[in-house]
Amino acid sequence: MKKAFLVILTILIVSMAFSVTTITISGWPGNPDEEAAIKAAVDEFNAKHSDIQINWEPIPGNYLETLKTRISAGTAPDIFYVDVYFFEELAGKNVLLPLDIFIKKDNFDLNAYFEPLVEAFKYNGRVYGIAKDFSTLALYYNKEIFDKYGVPYPTNEDTWFDLLDKALQLKRKGFETPLVLAADFNRVIPFILGAGGKLVDDNLNTALDMPASRFGIKFYIDMVTKYKVAVEPQQVGAGWIGEALGKEKVALAMTGPWTLGFLKGSYPDVYKKIGVVEMPSLIKKSTMVYTVSWSINRSTPYKNEAWEVLKYLVTRGQEIFVERAGVLASRKDIAAKDTDPIKTPFYKGAEYAHPWRVPTPTGIFSVANDQINSRLKDLFYGKITLDEALKQIKENYLDWVSGK
Amino acid sequence: MKRRTREAIAGYIFALPIILTVLIFTIYPIFAAFYYSFTDYNPLNARNLETKINPQEALEFHLGVFQTDVSSVDEIKDYFDLLSFIKYDVGVNLDENKEKIVLENFDSEKLLKDFVEGKLNKEMKLSKFMSEYLKSGAKYFKRYIPNFLGLENFKKMLNDQYFRISLFNAFFYTVIVVPVQTFLALVLAVAANSKIKGVKFFKLTFFIPSITSSAAISMIFWMIYSKPGILNRFLGYFGFQPIAWLENPNTALPAIMIMNIWTTAGYFMVTFLAGLQDIPKSIYEAARIDGATPGKIFWKIILPLLKPQILFVATMGTIGCMQVFDQIYFLIKNMRNITISFYIYKNAFEYGNMGYASALSLVLFVIILSLTFIQRKLVKETY
């Protein structure tokens, strides 16, 4: 009797294992809200499908390094996050599955997504991922500090010089560290583009030494070194920009919607004092868009099932995600339902934003990014002049992006 | 079988787990790293040829027509672009050499013919696909073999600014940390060996940092060194301006050195303590009867008799310092202050240059080996 039972149990387990396809999806673990949201989305899918089950398996810490290692070992998840920042490198090495065939077969409508976000995950005319959400940069300010020192709030129409003027007013009136800036290339890009500059020329060589680009970089650096209205977050004892804002050490910061969630959770009192407006502009409006796609592993044995899951994740899954985790929707119809006024400046930014992706001949930008950041840091500390830095960048840039 | 052989076999079987572990996780990686340092190994290429595709679908997508709508090769010939098909639709990573092989040897006609006849509608590995349609040169597509570069990786180091910076930093770090921590550990050990009250408490306090995880210590020191941190507040009483110790490129490395000395001195103190216990009491007594001062006892008795321990501590310290990684990883945000092992990590896992990273680690290995060798020459081992 016992034996018979065991045999039946084994047969049951084996047959179940054969009929159900488990698709492992992976990304970096988010904050508790995001984790709960993704679990809710996964549970809903699993409840509706008997043949496909999703298994959410986040990779904590050093995501890209771990992912690359697992890809090379052949143990990567079936579907995973791809940040637009390293998208080109992965797409160029053919580890992502092109989705065009599936999109065509299913008549899946890519026009339902914001165009810059669709373009962000195209490589050689093929689509390698669909944006799960996005973040743009906007200008945060602390109303209480502005009130206290009697300085007018920033507005959506402010130019760079309005920003500088307001920061200088705060400083003159005794608030020593009005603005927080990071020595990060991606934060300088809105200034480069806002001044009418370019990141790369037509041959994919660097265009940072163009007069307009140079002007943008100079303005960014000058706020730190010449006008002394901006500091790095570490200067005020904060690990990053959001923390500097939360500790009320600064009155102004340019950062993304993730800071909203952070402030709400860790500094609820400060959250109530925060206002958000669009990034200041010069010749034209500009901001950065950071976005992450769901992409399929090219060597997954379950391509069709993975596509079914991906489709769910970027439609109904995204709806759950936007509702519960407060991220910005990459799908226009879901974005239209999202009426939280504090998110408006971020959605507005999506219209003129530039994705955080610098095209290179090989798809590899990480070396150049480190090198440029290192020089930005030197510029913040006055170790080199801007012309020296630009000269070094120009001379070595092609080497850095060569991938050798 | 002889009893002895049987016994030997049994012995090896018992030792097999550890033999295999050492072979797989120690010996093989060393040789692999040596080999990779002469190549352009990129881990993202490793599984490329194992990927499975359906050639019919790939070709349908490439041509923009369904197989069922095509009746002859001539209809589609003009729309077929070999390189873009292989690179992007089939998805084989090609470098210049392989592009050449594909252009010269790929049998496009056969492929298109099979497509029209509907023979392609099956999943197959890229390696199999390539071997089927390449007239020759299929051996280059069997599995991923990185290109052999000879000494190119090593030549590249000569012009690599961050190689120089990171190696210099590692040397600078070692030159300061090793003597200071050795001396400090020695002093602590002598103090802990004396008969003062509460000596156990001191021993424990000195030893605790070395059993604390470096992540925790890094966090504590991050707070100490940050601009509004304790250190700046303390210095503020003496009228010093606050400095962001870890962000300022000039102070970041020394700050980490101090932290490391504090962490490891206690660990090496234990080594010296063990050595001190070995020194016979009669020698101290004889010295004291002859009227030697405590200073003289330290320099003339303790120091010479601790030579083997000093050699051990200096060697281990040098190896540890040349490889310092975790504190740099946690606390340093500036490429100017990185050390060589952090740079190796960056190349291997962030830049995808596993070959170059292997070459760097080979250089580091040679440097550490020769440093250790020199140390052993300078301080002769007595037993």
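Residues numbered from 1 in each chain as written. Chains lettered and ligands numbered in written order. Predicted model: local features only at pLDDT ≥ 70, side-chain atom pairs only at ≥ 80, totals over all residues. Heavy atoms only, no water.

Peer 1: How should I be thinking about the overall build of chain B in this particular structure?
Peer 2: Along chain B, the regular secondary structure elements total 19 helices and 2 strands. Relative to its full complement of 383 residues, chain B shows a buried share of 44%. Taking the intrachain contacts of chain B between residues at least 6 apart in sequence as the baseline, contacts between residues at least 24 apart amount to 73%. Summed over its atoms, the accessible surface of chain B is roughly 21,600 Å², and 65% of this surface lies on carbon and sulfur atoms. Here chain B contributes 40 positively and 30 negatively charged side chains, and the mean placements of these two sets differ by 20 Å. (Helix = DSSP H or I, 4+ residues; strand = E, 2+ residues; numbered from the N terminus. Buried < 20%, exposed > 50% of the residue type's maximum accessible area, 1.4 Å probe, protein only. Contact = heavy atoms within 4.5 Å. Areas by Shrake-Rupley, 256 points an atom, 1.4 Å probe, with all protein chains shown as cover. Lys, Arg positive; Asp, Glu negative; His and termini not counted. Charge placed at Lys NZ, Arg CZ, Asp CG, Glu CD.)

Peer 1: Help me understand the sheet that holds strand E9 (residues 230-231) of chain A, please; the structure alone is not making it clear to me.
Peer 2: Two strands in a sheet stick together by hydrogen bonds in their backbones, pointing the same way (parallel) or opposite ways (antiparallel). Residues and elements named next belong to chain A. Spatial ordering of the open sheet is given by E9-E8-E10-E7-E11, a layout of 5 strands whose pairing is mixed. The open sheet terminates on both sides in strands that have one partner only, identified here as E9 and strand E11 (274-277). Sheet analysis places strand E8 (residues 179-180) next to E9, joined by 2 bridges and oriented parallel. The residue bridging Leu-179 from the neighbouring strand is Ala-230, located in E9. The strands that helix H12 (residues 258-266) touches are strand E7 (138-142), strand E10 (252-255) and E11; relative to E7, the one it contacts most, it runs at about 25°. (Pairing = 2+ DSSP bridges. Axes fitted to C-alpha atoms, helices over the stretch in contact; angles between N-to-C directions.)

Peer 1: Any chance you could explain unusual backbone geometry here in plain terms?
Peer 2: For residues besides glycine, phi is generally negative; the peptide bonds are generally trans as well. Residue and element names in this part refer to chain A. Phi is positive for Asn-94, close to 55°, though the residue is something other than glycine. With respect to the helices and strands, Asn-94 occurs in the loop between helix H4 (84-92) and helix H5 (100-106). One non-glycine residue with positive phi stands out, namely Leu-204, at about 65°. Considering the arrangement of structural elements, one finds Leu-204 in the loop between helix H9 (185-194) and helix H10 (211-225).

Peer 1: How do you make sense of the packing of helix H6 (residues 108-116) of chain B against helix H7 (residues 126-133) of chain B when you look at a structure like this?
Peer 2: Packed helices, taken two at a time, are described by the angle between their axes plus the distance between the axes. Residues and elements named next belong to chain B. Contact geometry for H6 and H7: axes closest at 9 Å, N-to-C directions at 110°. In terms of axis orientation, H6 runs roughly perpendicular to H7. In this structure, H6 uses Lys-110, Leu-111 and Asp-114 to contact H7, whose residues at the interface are Phe-129, Glu-132 and Tyr-133. In terms of residue class, the contact of H6 with H7 is made up of 3 nonpolar, no polar and 3 charged. (Parallel < 35°, antiparallel > 145°, perpendicular 65-115°, else oblique. Nonpolar A, V, L, I, M, F, W, Y, C, P; charged D, E, K, R; others polar.)

Peer 1: Mind showing me how you'd approach the nonpolar core here?
Peer 2: Note that soluble globular proteins tend to have their nonpolar side chains buried in a common cluster. In this structure, Ile25(A), Ile79(A), Phe185(A), Met223(A) and Trp294(A) are the most contacted members of the largest nonpolar core, which totals 197 residues. The element best represented in this core is helix H19 (residues 354-378) of chain B, accounting for 9 residues. Among all residues touching Ile79(A), those that are not within four sequence positions of it are Ile23(A), Thr24(A), Ile25(A), Ser26(A), Trp294(A), Ser295(A), Ile296(A), Ala306(A), Val309(A), Leu310(A) and Leu313(A). With 31 residues, the next largest nonpolar core counts Leu59(B), Leu83(B), Leu120(B) and Leu134(B) among its residues. (Core = buried A, V, L, I, M, F, W, Y, C linked by side-chain atoms within 4.5 Å.)

Peer 1: How should the layout of surface pockets be read in this particular structure?
Peer 2: Any space left empty among the atoms is revealed by the rolling of a water-sized probe across them. Each pocket or cavity is described by its volume, and for the second largest pocket that value is around 1,400 Å³. Every residue lining the second largest pocket is counted, 43 residues in all, and those nearest its centre are Lys93(A), Thr362(A), Asp40(B), Leu94(B) and Asp95(B). Those elements that provide at least two residues to the lining of the second largest pocket are H4 of chain A together with helix H4 (82-90), helix H5 (96-105), helix H8 (152-158) and H19 of chain B. The leading source of residues in the lining of the second largest pocket is H5(B), at 4 residues. Of the residues contributing to the lining of the second largest pocket, the split by class is 15 nonpolar, 17 polar and 11 charged. (1 Å grid on protein atoms, 1.4 Å probe; cavity = no way out; pocket = protein on both sides within 12 Å on 5 of 7 lines; lining within 4 Å. Points joined across faces, edges and corners; volume = space filled by probe spheres on them.)

Peer 1: Any chance you could explain the interface of chain B and chain A here in plain terms?
Peer 2: As a measure of interface size, the accessible area lost when the parts come together is often cited. Taken together, the 44 residues of chain B in the interface contact 44 residues of chain A. Roughly 3,900 Å² of surface becomes buried between chain B and chain A when both sides are summed, with 50% attributable to carbon and sulfur atoms. On the chain B side of the interface with chain A, the three residues burying the most area are Leu44(B), Phe61(B) and Tyr88(B), jointly 19% of the side's total. Summed over the shared surface of chain B and chain A, the result is 4 salt bridges. For Arg126(A), the salt bridge identified is with Asp89(B), shortest N-O distance 3.0 Å. At the boundary of chain B and chain A, one finds 22 residue pairs in polar contact (both at pLDDT 80 or more). (Buried area = accessible area lost by both parts, 1.4 Å probe. Salt bridge = Lys/Arg side-chain N within 4 Å of Asp/Glu carboxyl O. Polar contact = N/O pair within 3.5 Å; in protein donor to acceptor, adjacent residues only side chain to side chain.)

Peer 1: Which parts of the structure should I look at to understand the side chain of Asp133(A)?
Peer 2: Residues and elements named next belong to chain A. For Asp-133, the position within the fold is in strand E6 (residues 130-136). Relative accessible area serves as the criterion here: at 7%, Asp-133 is assigned to the buried category. Among residues more than four places away in sequence, those in contact with Asp-133 are Thr-291, Val-292, Gln-318, Phe-321, Val-327, Leu-328 and Ser-330.

Peer 1: Explanation requested: H7(B) in the structure shown.
Peer 2: All names here are of chain B. All of the buried residues in H7 are Leu-126, Ser-127, Phe-129, Met-130 and Tyr-133. Along the axis of H7, the buried positions cluster into a sector of 160°, meaning they face one direction only. Next to the buried residues of H7 lie strand E1 (52-53), helix H2 (55-63), H4, H5, H6 and strand E2 (124-125). (Arc of directions from axis to C-beta.)

Peer 1: How should I be thinking about the side chain of Glu278(A) in this particular structure?
Peer 2: Residues and elements named next belong to chain A. If you trace the backbone, Glu-278 turns up in the loop between E11 and strand E12 (287-296). Reaching out from Glu-278, the side chain makes a polar contact with the side chain of Tyr-352 at a distance of 2.5 Å. Residues in contact with Glu-278, not counting those within four places in the same chain, are Leu-139, Thr-155, Asn-156, Lys-285, Pro-345, Lys-348 and Tyr-352.

Peer 1: Looking at this structure, I do not really get the pairing of strand E2 (residues 52-56) of chain A. What am I missing?
Peer 2: Residues and elements named next belong to chain A. In E2, alternate side chains face the same way, and those of Ile-52, Ile-54 and Trp-56 are buried while those of Gln-53 and Asn-55 on the opposite face are not. Pairing between strand E1 (residues 21-26) and E2: 5 bridges, direction parallel. By the bridge assignment, Ile-23 is partnered in E2 with Ile-54.

Peer 1: For this particular structure, what's the right way to read the packing of helix H14 (residues 303-314) of chain A against helix H15 (residues 316-325) of chain A?
Peer 2: Residue and element names in this part refer to chain A. Running from amino to carboxyl end, H14 crosses H15 at an angle of 35°, the nearest separation of the two axes being 3 Å. Only Arg-316, Gly-317, Gln-318 and Ile-320 of H15 make contact with H14, whose side of the interface consists of Tyr-312, Leu-313 and Val-314. Residue composition of the contact of H14 with H15, grouped by class: 4 nonpolar, 2 polar and 1 charged.

Peer 1: Would you explain the domain arrangement of chain A in this entry?
Peer 2: Residues and elements named next belong to chain A. Entries for chain A in the domain assignment read domain 1 (19-136 + 289-355) and domain 2 (138-288 + 358-400). Its C-alpha centre places domain 1 at a distance of 28 Å from the equivalent point of domain 2. Listed by partner, the interface residues are 17 residues for domain 1 and 29 residues for domain 2. Contact between domain 1 and domain 2 buries roughly 2,000 Å² in total, counting both sides, with carbon and sulfur atoms accounting for 64%. Counting across the domain 1 and domain 2 interface gives 0 salt bridges. Linking domain 1 to domain 2 there are 6 residue pairs in polar contact (both at pLDDT 80 or more). Residue assignment for the side of domain 1 that touches domain 2 shows that the elements contributing at least two residues are H4, E6, E12, helix H17 (344-349) and strand E13 (353-355). No other element matches the 4 residues that H17 contributes to the side of domain 1 that touches domain 2. Within the side of domain 1 that touches domain 2, the residues separate by chemical class into 10 nonpolar, 4 polar and 3 charged. (Domains from an automatic or database assignment.)

Peer 1: For this particular structure, what's the right way to read a nonpolar patch on the surface?
Peer 2: A cluster of nonpolar residues, Tyr12(B), Leu16(B), Ile18(B), Ile19(B), Leu20(B), Val22(B), Leu23(B), Ile24(B), Phe25(B), Ile27(B), Ile30(B) and Phe31(B), forms a patch on the protein surface that exposes about 1,200 Å² of accessible area. By secondary structure assignment, the location of Tyr12(B) is in helix H1 (residues 3-36). (Patch = residues over 30% accessible without salt bridge, like charges linked within 9 Å, V, L, I, M, F, W, Y side chains within 5 Å.)

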